[in-house]
Amino acid sequence: MTRPSVVVTHRVHPEVLQLLEQFCTVVPNQSAETLPRAEILARARSAQGLLAFMPDWVDEAFLAACPELRVVAGALKGYDNFDVAACTRRGVWLTIVPDLLTVPTAELAVGLLLGLTRHLHEGDRLVRSGSYHGWRPQLYGTGLTGRAVGILGLGAVGRALARRLAGFDVKLLYFDAVRLDEQQEERLGVRYATLDELLTGSEIIFPLLPLNRETRHLFDAACLARLCRGALLINVGRGSIVDEQAVAAALSTGQLGGYAADVFELEDWALPDHPQQVPPALLADVAHTFFTPHLGTAVAEARLAIELEAAHNILQVFQGSIPQGAVNRPATFR
């Protein structure tokens, strides 16, 4: 019996390759770089499985060029870069890892908040400069106690974030399309607010929404103008939820007091008009920004668990089972 072929688009832990190699012929990419799309297509042209990551996008054209694909397993949670309908039409399973990314992302969100409010990057740079000779009255930041914090989207990450922020004695507001019941709100220590109430009444806002037509550039110039002056915006969801050019402009006027992000518009490769770089004006505003290079799940044990679960999704498809992380059900499956 011919062993199915699986293309792994990015570097993974050796344990993942060892697992797949027991049952499949594996075409890995153990470099630190993202391969050009043409190279991934060439590798996947006759493959039955694809283990994909954040920089990948799978659309109708990709699937047409890889007619033998049976499963696209994303080692990720957000799947806006993948055309679910096209996968379903072509009989391809699309799977994700829905839970393992939650806690690391929530932890990093707290880290970004502290980095921004307490000028941690600037403080580190000052000490390393050689010009630090002891305490001075400088780099005054913002405390968290009593602050109104708005969480826009109370899914798994939003709830995990709320639990972690509770220890800082903040006032937690949330808006979500589906409101929690009173018992859940009490357990999490959150209070429901309308979208307008959250935007105008929060001193710190975390947008944690999926990226789609309705949410792209939700935080544009008009939205940013509605925030209370000097509000802080922390983005660990999707880069294109915000308009980075508008954020840079709002920072320059003081309307926005600070912006921290682990995700950027340039990463939303499936959008044909996505920018190629972070706006220079945003990068230049060191005093009011704090950035990390998409480290949300960059925790060694978490990444291994995510990659292994994605690999298991592939093997479940090859075994004729419904994969545990399925987001679609191909019509060809019986």
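Residues numbered from 1 in each chain as written. Predicted model: local features only at pLDDT ≥ 70, side-chain atom pairs only at ≥ 80, totals over all residues. Heavy atoms only, no water.

An unreviewed UniProt entry lists the protein chain under the name D-glycerate dehydrogenase, from Dictyobacter kobayashii.

Colleague: Explain the overall build of the protein chain to me, and be specific about the residues and the numbers.
Modeller: A count of helices and strands for the protein chain gives 13 helices and 12 strands. For 334 residues, the compact-globule estimate of 2.2 N^0.38 gives 20 Å, and the protein chain sits close to it at 22 Å. Along the longest, intermediate and shortest principal axes, the C-alpha atoms of the protein chain span 70 × 50 × 35 Å. Within the protein chain, contacts between residues at least 6 apart in sequence are counted, and of these 64% link residues at least 24 apart. Here the protein chain displays about 15800 Å² of accessible surface, and carbon together with sulfur accounts for 55% of that area. Side chains of the protein chain carry 29 positive and 36 negative charges; the gap between the two charge centres is 2 Å. (Helix = DSSP H or I, 4+ residues; strand = E, 2+ residues; numbered from the N terminus. Rg over C-alpha atoms; globule rule 2.2 N^0.38 Å. Contact = heavy atoms within 4.5 Å. Areas by Shrake-Rupley, 256 points an atom, 1.4 Å probe, with all protein chains shown as cover. Lys, Arg positive; Asp, Glu negative; His and termini not counted. Charge placed at Lys NZ, Arg CZ, Asp CG, Glu CD.)

Colleague: Give me the UniProt feature "domain: D-isomer specific 2-hydroxyacid dehydrogenase NAD-binding" (unreviewed entry) in the protein chain: which residues, what numbers.
Modeller: Summarizing the sequence annotation, UniProt attributes the feature "domain: D-isomer specific 2-hydroxyacid dehydrogenase NAD-binding" (unreviewed entry) to residues 110-296 in the numbering used throughout. End-to-end, the C-alpha atoms of residues 110-296 are 11 Å apart, and along that stretch the chain is 33% helix and 17% strand. (UniProt positions renumbered as here; feature names shortened; annotations may be inferred.)

Colleague: So what's going on with the pattern of salt bridges? Which residues, and what values?
Modeller: All chains considered together, the criterion is met by 10 salt bridges. Measuring nitrogen to oxygen at the nearest pair gives 2.5 Å for the salt bridge that ties E60 to R89. Placement of E60 in helix α3 (residues 60-65) and of R89 in helix α4 (residues 84-89) is noted, with a sequence separation of 29 residues between them. Classification of R89 by relative accessible area gives exposed; the value is 58%. Taking the shortest distance from any N to any O, the salt bridge between E60 and R90 comes out at 2.6 Å. On the criterion of sequence distance, the pair formed by E60 in helix α3 and R90 in the loop between α4 and β5 (93-95) is long-range, its members being 30 residues apart. Residue R90 is classed as partly exposed on the basis of its relative accessible area of 40%. Here the salt bridges do not stand alone but share partners, grouping E60, R89 and R90 into one network. (Salt bridge = Lys/Arg side-chain N within 4 Å of Asp/Glu carboxyl O. Buried < 20%, exposed > 50% of the residue type's maximum accessible area, 1.4 Å probe, protein only.)

Colleague: How would you explain the sheet that holds strand β6 (residues 148-152) if you had to name every residue and give the values?
Modeller: One open sheet accounts for 7 strands, arranged β8-β7-β6-β9-β10-β11-β12; its pairing is parallel. Both edges of this open sheet fall to β8 (190-192) and β12 (289-291), since each of them pairs with a single strand only. Within the sheet, the average angular offset between the axes of one strand and its neighbour, ignoring direction, is 20°. Alignment of strand β7 (residues 171-175) against β8, held across 3 bridges, turns out to be parallel. Note on β8: the bridge partner recorded for L172 is V190. Against the sheet, helix α7 (residues 156-165) engages β6, β7, β8 and β9 (204-207), with an angle of about 165° to β6. (Pairing = 2+ DSSP bridges. Axes fitted to C-alpha atoms, helices over the stretch in contact; angles between N-to-C directions.)

Colleague: Any chance you could break down a nonpolar patch on the surface for me, citing the residues and the numbers?
Modeller: Side chains of V127, Y132, W135 and Y140 sit close together on the surface and give an oily, nonpolar patch of about 550 Å² of accessible area. Within the secondary structure, V127 is located in helix α6 (residues 120-128). (Patch = residues over 30% accessible without salt bridge, like charges linked within 9 Å, V, L, I, M, F, W, Y side chains within 5 Å.)

Colleague: Explain the nonpolar core to me, using residue names and the numbers behind them.
Modeller: One recurring pattern in soluble globular proteins is that nonpolar side chains are buried together. Membership of the largest hydrophobic core comes to 30 residues, with the highest contact counts inside it found for L161, L165, L172, I204, F206 and I234. Those elements that provide at least two residues to this core are α5 (102-117), β6, α7, β7, β9 and β10 (231-235). The element contributing the most residues to this core is α5, with 7 residues. The contacts of L172, once residues within four sequence positions are left out, are V149, I151, A162, L165, A166, L188, G189, V190 and R191. (Core = buried A, V, L, I, M, F, W, Y, C linked by side-chain atoms within 4.5 Å.)

Colleague: Hey, could you go over the packing of aromatic side chains for me, with residue numbers and the actual values?
Modeller: On inspection of all chains with the given rule, the structure shows 4 aromatic pairs. Aromatic pair Y174 and Y192: ring centres 5.4 Å apart, planes at 75°, arrangement edge-to-face. Highlighted residues: Y174 in strand β7 and Y192 in strand β8, separated in sequence by 18 residues. By relative accessible area, which is 0% here, Y174 ends up buried. With a centroid separation of 6.2 Å and an interplanar angle of 70°, the aromatic rings of Y259 and F291 are classed as edge-to-face. Here Y259 is found in strand β11 (residues 256-261), whereas its partner F291 is found in strand β12, with 32 residues between them in sequence. Exposure remark for Y259: the relative accessible area of 0% places this residue in the buried category. Looking at F291, the relative accessible area reads 24%, which means it is partly exposed. Among the aromatic residues, those joined into a ring-pair cluster are Y174, F175 and Y192. (Phe/Tyr/Trp six-rings, centres within 6.5 Å; stacked < 30°, edge-to-face > 60°.)

Colleague: With reference to specific residues and values, describe helix α1 (residues 14-21).
Modeller: Every buried residue of α1 is accounted for by V16, L17, L19 and L20. In an axial view of α1, the angular spread of the buried residues amounts to 160°, which keeps them on one side of the axis. (Arc of directions from axis to C-beta.)

Colleague: Would you mind going over the sheet that holds strand β4 (residues 71-74) in detail, with residue names and values included?
Modeller: Spatial strand order, β2-β1-β3-β4-β5: 5 strands in an open sheet with parallel pairing. At either margin of the open sheet sits one strand with a lone partner, and together these are β2 (25-27) and β5. Averaged over all adjacent pairs, the angle separating strand axes in this sheet is 15°, with direction ignored. As paired elements, strand β3 (residues 49-52) and β4 share 4 bridges and run parallel to each other. Considered in β4, the bridge of G49 is made with V71. Packed onto the sheet, helix α13 (residues 300-318) meets β1 (5-8), β3, β4 and β5 and runs at close to 160° relative to β4.

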